[in-house]
Amino acid sequence: MVNVQEEQEKKPRCLLVGAPNKNDEEPKELKGLVDTLGMETVQMVVLARIEPNPVYGIGTGKAHEIVDRAKEVFADCIIFDWEISPSKQRNWEKLAGINVFDRNEVIIRIFAQRARTKEAALQVQLAQLTYSLPRLSHMYGNLARQRGGNYGAKGSGETQLELDRRQIEDKILQIKKELAQVSVNRQTQRRQRERTSVATCALVGYTNAGKSSLLNALTGADAFVEDKLFATLDPTTRKFSISEAAQVLLTDTVGFISNLPHTLIDAFRSTLEEASLADLLLVVVDSSDEKAVFQYAQVLKVLEEIHADSIPRMVVLNKVDKISGDHVLLANLDAHFPGAVHVCAKTGEGFEELVSGMTENLLGAVANYLVPVDRSDLVEAVRKNGTIESEEWLEDGVHLVARIPGHVDSDGKFSTKTLSLLKPYQVKNFS
């Protein structure tokens, strides 16, 4: 007798197809995505080459070979590690007789599972509808059946496909309007934060690099953490004291991944704006991942797409506890990421150096200033635009130990007016 519960909980079996690569590597990242989705990988196939073909995208012989392999291992679906067009998807499903989809659809399905807030749900729904619109026709067996169309009406009525297409387009328009309102609300929140003159810092990085764990460890937040790709989609912002005199707003953002579908980048643009409008980016890298350098390059690519590539950033090598004994790997990472901070979100290792770097980047380096007593306007400018750590009014002037945000470029120009005004009064130490 078949156990109904076991049958319902049975994981779909997947055959994964990887693109040709130099090292003939299996599509491990795709497998991680499939695992996150709750599906079972029964076999992985890596193609030696791809012969352009208008029907399947690869040679007909190889296509039949993949389908035969799927039947041999009793796969419920075939998943490709690259994007396949709607027409090729239809051809594959007709040939295989089972579901066939690509990496992009896997990622979108994961986002749909992980969406918790109304905003995330809207963003995912927009991505799903945008992705499915050109693929509608493969969902129908008979595309010619009509609906509507009375005698004397214009035309013979609409096909089911045309009706559904119009309904989806209307739904997309409605969701975009709702997301626009969400974006307005988010901008209002940002303006309120800006009025408090609190610096903002965003945690960005490849998915599963440990951003949420780092946020929790630094701020005591309760952001959702799980050892899976895209464990959280919603940005979480918490206040964090980087010194006795200053706080910053630290935001955890959605993880990046190679070849992130543009439908998701567009849908999550308001969320990704948290990174593009930050004063400082903490690029979190999983130091224990063998593809750390590649993942960092993908993060920079996404930052460029959302116009956040010019924002000051610090590289944070997380999970160093996993590689503490591998001196060769550590040296290699230091060569690729000079000046990066080594941390462990679990133990707090490296937090002091991390906070020091954040403080200097956001608030400026500590400096001594001897300001004339009659220039109280300069003291007020520092109080308003910088951070005063100590202040003494003495006979020879006002002794300030302060941090003033900004820097001097190669031409000797100051990035902020306050830094420029105070520069003549900077001293090495008070005599």
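Residues numbered from 1 in each chain as written. Predicted model: local features only at pLDDT ≥ 70, side-chain atom pairs only at ≥ 80, totals over all residues. Heavy atoms only, no water.

**A few points about the confidence of the model for the protein**
- Of all residues in the protein, 85% attain a pLDDT of 70 or more, and the chain-wide mean is 83.
- By mean pLDDT, the top-scoring element of the protein is strand β12 (residues 341–342) (96), and the lowest-scoring one is strand β5 (residues 146–147) (38).
- Counted against residues more than four places away or in other chains, residues 138–158, with its pLDDT under 50, gives 27 contacts. (pLDDT = per-residue confidence, 0-100. Helix = DSSP H or I, 4+ residues; strand = E, 2+ residues; numbered from the N terminus. Contact = heavy atoms within 4.5 Å.)

**Digging into the packing of aromatic side chains**
- All told, the structure shown has four aromatic pairs when counted by the stated rule.
- Between Tyr 56 and Trp 92, the ring centres sit 5.4 Å apart and the planes meet at 65 degrees, which makes this aromatic pair edge-to-face. On the criterion of sequence distance, the pair formed by Tyr 56 in the loop between β2 (40–46) and α3 (60–72) and Trp 92 in helix α4 (residues 86–96) is long-range, its members being 36 residues apart. For the pair shown, Tyr 56 and Trp 92 are each scored as buried.
- These aromatic residues form a ring-pair network of at least three members: Tyr 56, Phe 80, Trp 82 and Trp 92. (Phe/Tyr/Trp six-rings, centres within 6.5 Å; stacked < 30°, edge-to-face > 60°. Buried < 20%, exposed > 50% of the residue type's maximum accessible area, 1.4 Å probe, protein only.)

**Brief notes about the sheet that holds strand β13 (residues 366–371)**
- In space, the four strands of this open sheet follow the order β14-β15-β13-β16, with antiparallel pairing throughout. The open sheet is flanked by β14 (387–394) and β16 (426–427), the only strands paired with a single partner.
- Sheet topology note: the β13/strand β15 (residues 397–403) ladder contains six bridges and is antiparallel. If you follow Ala 367 over to β15, its bridge partner there is Ala 402. (Pairing = 2+ DSSP bridges.)

**As for the pattern of salt bridges**
- Scanning the model with the defined rule gives 12 salt bridges in all.
- Glu 391 is the salt-bridge partner of Arg 383, the closest N and O atoms lying 2.7 Å from each other.
- We classify Glu 391 as partly exposed; its relative accessible area is 31%.
- By sharing partners, the salt bridges in this structure join Glu 29, Asp 81 and Arg 103 into a single network. (Salt bridge = Lys/Arg side-chain N within 4 Å of Asp/Glu carboxyl O.)

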